[in-house]
Structures are given as C-alpha cells and as structure tokens.
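# Secondary and tertiary structure notes
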Amino acid sequence: MPAIFATAPAKAILLGEHAVVYGQPAIAIPLPQLQTKVTILASPIAPSGTIQILSPAIGLDAQITDLAEEHPIKKALSLLANHFNLSNLPAMKVLIHSDIPVAAGLGSGASVSVALIRAVSSFIGHPLHDEQVSAIAFEVEKIHHSTPSGIDNTVITFGRSLLFEHGKAMQFIDLKEAFDLIIADSGEKSSTRETVEMVRHDFQNAPHLYQDYFDNIGILVKQALFALQIGSMNTLGSLLTENQLILNKMKLSTPKLDDLIGAAMQSGALGAKLTGGGGGGCIIALVDSINSSKVRDALTEAGALGVFSVTIKNQNGIN
Ligand code: PMV
C-alpha cells in the first residue's frame, strides 16, 4: 500500500492572544512557509492497534502503547478511533516531520494534530471535513492548556487569515493588499499553559484591570480588521504596537522579546509585538519593502535565533 500523507501549516496571531480566551475577537494568519507533514505507512502483517510513532526532530520513536494517555499524539489517535467507532486503528507507522519551532507561539502542536488527523482519517478511507478535523484538534488542544480558545486549530485547519471569536462563526478576512511580516524567534521557550494560567490568576486577583486589558485588546482587533480591509498598513503597525503595550502590562513579554521588538522598531518596522502565548517564543514585525531587509538584519544582530520573512496574502489568490 502506498504511503498517505497530509500537511498543515504554522500560524501566527496578529492581534488578540490571551484576550481571545476571555471571549474577545482575535486575528490569526496561517504561515504556509512552515509546515508539518505526517506520513502514514501500513504495517500489513502487524495486529491492528500496533502503531509506531516516529518524529526524528523531537527524538520520538515509540509504540503508541508506550505513550502516556495525555500525550497529544495518543490523544488524537484515540479521539479518531472513537470518532470512527473502532476499538483499534489499523496497524501503521506514523512519521512526523515539522519545520515549525516548538514552544515558539507558532502553533506547532495544533499543526501536528491537524496533519495527523487528516492523514490517519484518509488512511482509513474516511477523510474528515475541515470542521471535523478542527473539532478533534480542539479536543487535543485541551491537553496543552485547559481552556484553549480554539483559534490555533481553526486557523491551521482552514489555512486562511481569519477573525476568530469564541462561540461565533469565524470570519475569513478579505485583505485589501498583501503585507510583509518578519518573524523572529527569541529562542526562549514559551509555555502557553504557564502564561494562560498566569493570566487567569492575575485576572482573578484584579478582575477590573484585566477586563479592561481584554476589552481594549478587543477594540484594537476590530480596528486592525478594518485596517486590513482597507489596506492601511501604517494603522495596522500602530495597532500591533499598542497591543504589545497591553501584553507588556500583562507581564507576557520578556527582556529578550522587548529587545527584539525595540530592534525592529528602531530599524523602521511599522509595528511589532510578541505572538502566541508569550513569555518567550516569537515576535512579529510589520514591514514594508523599503525597510524589510534592515529589520531582518537588526533582528539577527539583536540575537534572534531564527528570522524569516513572510508575505501574507489572500488565500483565494486575489492579491
Ligand atoms: O502559544 P500558542 O501558539 O499556543 O498560542 C496561544 C494563544 C492564546 O491566546 C494565548 C491561548 C488560546 O487558547 O487562544
């Protein structure tokens, strides 16, 4: 039997992380430049349920039975078996390759879940629809932290820039024009579980203050949606920076992230902020064609571990 594979991209949150957990809207974009690829090979002579998982990048080579119940890969496979009413999935070898940095705020976990769910459901002859893929990936996300907003699995499954608000239909964003971001990895690991817990704790201690932060982020997100729809990149840049100021007050930034953001702004970025859970991970800087390479160089000089440029455009090919 030939190998079956599926892919899923990374993602970045443009604005609205954390506040989105508390019901505010947020804007997320897929990053198809970074991908997870999951390949399934049949193991025809092994008994059903014999599943070997190989992920060379994280040094994983294990039988499914050796993984803890709460391991996200095991969880995704058992949710799939339940979905299809199977007591065991067919015997297979699962190969996972990803170029998405782990714990960097770019959705590496959700990307593995989405590619895995797609590949395994195709392998057993019942490829799932995007809604089903996203719903199962959302259940897996709950392992990473108990109250995921659902933004990661949604943008990664649908692969389009979108406005996400919990409990509402997602809204794909029609970008007036393409724009360029530089993404720089601080090299500090970002634990979404820890930062989400910290925000929850601080929210409980200072509910009015934190509700204000969330509400103000929600306002910035709505303004940013409008800026994207009319192609006002200077406005979008200022909104990113304003969002960062609030994230900073919420203690989600770090000196290293602040250094990278400062370096990007001093070399002409239109705006910059952390992206994802924070407490480490990546920053995004909005640039134009004139300052793009200057910002890249400045981020490398400021000690970013990895720096790459992405052009965000409508995924329907209009621009
Ligand atoms: O760090 P990431 O890529 O998992 O992004 C987390 C985004 C949060 O808003 C902090 C959490 C969530 O569930 O939306």
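Below is a summary of the structure that appears in this document. (Residues numbered from 1 in each chain as written. Predicted model: local features only at pLDDT ≥ 70, side-chain atom pairs only at ≥ 80, totals over all residues. Heavy atoms only, no water.)

### Thoughts on the sheet that holds strand β9 (residues 271-274)
The condition is simple: In this scheme, strands are said to pair when DSSP sees at least two bridges between them. Counting from the N terminus, the helices are the DSSP runs of H or I reaching at least four residues and the strands are the DSSP runs of E reaching at least two. To define axes, lines are fitted to C-alpha atoms, for helices over the stretch in contact only, and angles between the resulting N-to-C directions are given on a 0 to 180 degree scale. The contact rule is simple, with two residues in contact once any of their heavy atoms fall within 4.5 Å.
Taken in spatial order, the four strands line up as β9-β10-β8-β11 in an open sheet, and their pairing is antiparallel. Where the open sheet ends on each side, the last strands, each with one partner, are β9 and β11 (306-312). Ignoring strand direction, the axes of neighbouring strands in this sheet form an average angle of 20°. The pairing of β9 with strand β10 (residues 282-287) spans four bridges and is classified as antiparallel. By the bridge assignment, K273 is partnered in β10 with I284. Contacts from helix α7 (residues 233-249) reach β8 (179-185), β9 and β10, with the element oriented near 35° to β9.

### A short note on the site of the ligand
Convention followed: When at least one non-hydrogen atom of a residue lies within 4 Å of a molecule or strand, that residue is treated as near it. Each polar contact in these results corresponds to two N or O atoms within 3.5 Å; when the atoms are within protein, one needs to be able to donate a hydrogen and the other to accept it, and residues that are neighboring in sequence are counted only if both atoms are side-chain atoms. Where accessible areas are quoted, they stem from the Shrake-Rupley method and a 1.4 Å probe; at the residue level, only the protein chains shown are allowed to cover. Using only the protein atoms, space was sampled on a 1 Å grid; points where a 1.4 Å probe fits but cannot get out form cavities, open sets with protein on both sides within 12 Å along at least five of seven lines form pockets, and lining residues are those with an atom within 4 Å of a point. If over half the atoms of a molecule are within 2 Å of the grid points of a cavity or pocket, the molecule is regarded as sitting in it. Put simply, Ala, Val, Leu, Ile, Met, Phe, Trp, Tyr, Cys and Pro go in the nonpolar bin, Asp, Glu, Lys and Arg in the charged bin, and everything else, Gly too, in the polar bin.
Around the ligand sit 17 residues in total, of which K11, H18, S149, T192 and G277 are the nearest. Note that an oxygen atom of the ligand is positioned 2.5 Å from one of the side-chain N or O atoms of K11. Taking G105, its main chain carries an N or O atom lying 3.3 Å from an oxygen atom of the ligand. Protein chains bury 93% of the 380 Å² of accessible surface belonging to the ligand in isolation. One can see that the ligand is located within the largest pocket. Of all elements in the fold, only β1 (4-15) and α4 (151-158) reach the threshold of two or more residues within the shell around the ligand. Looking at side-chain class alone, the shell around the ligand contains six nonpolar, eight polar and three charged residues.

### A word on the environment of K222
One can find K222 in helix α6 (residues 207-230). Taking the C-alpha atoms as reference points, K222 and G16, 206 residues apart in sequence, are found 9.7 Å from one another.

By themselves, these are just geometric observations and shouldn't be taken as functional.
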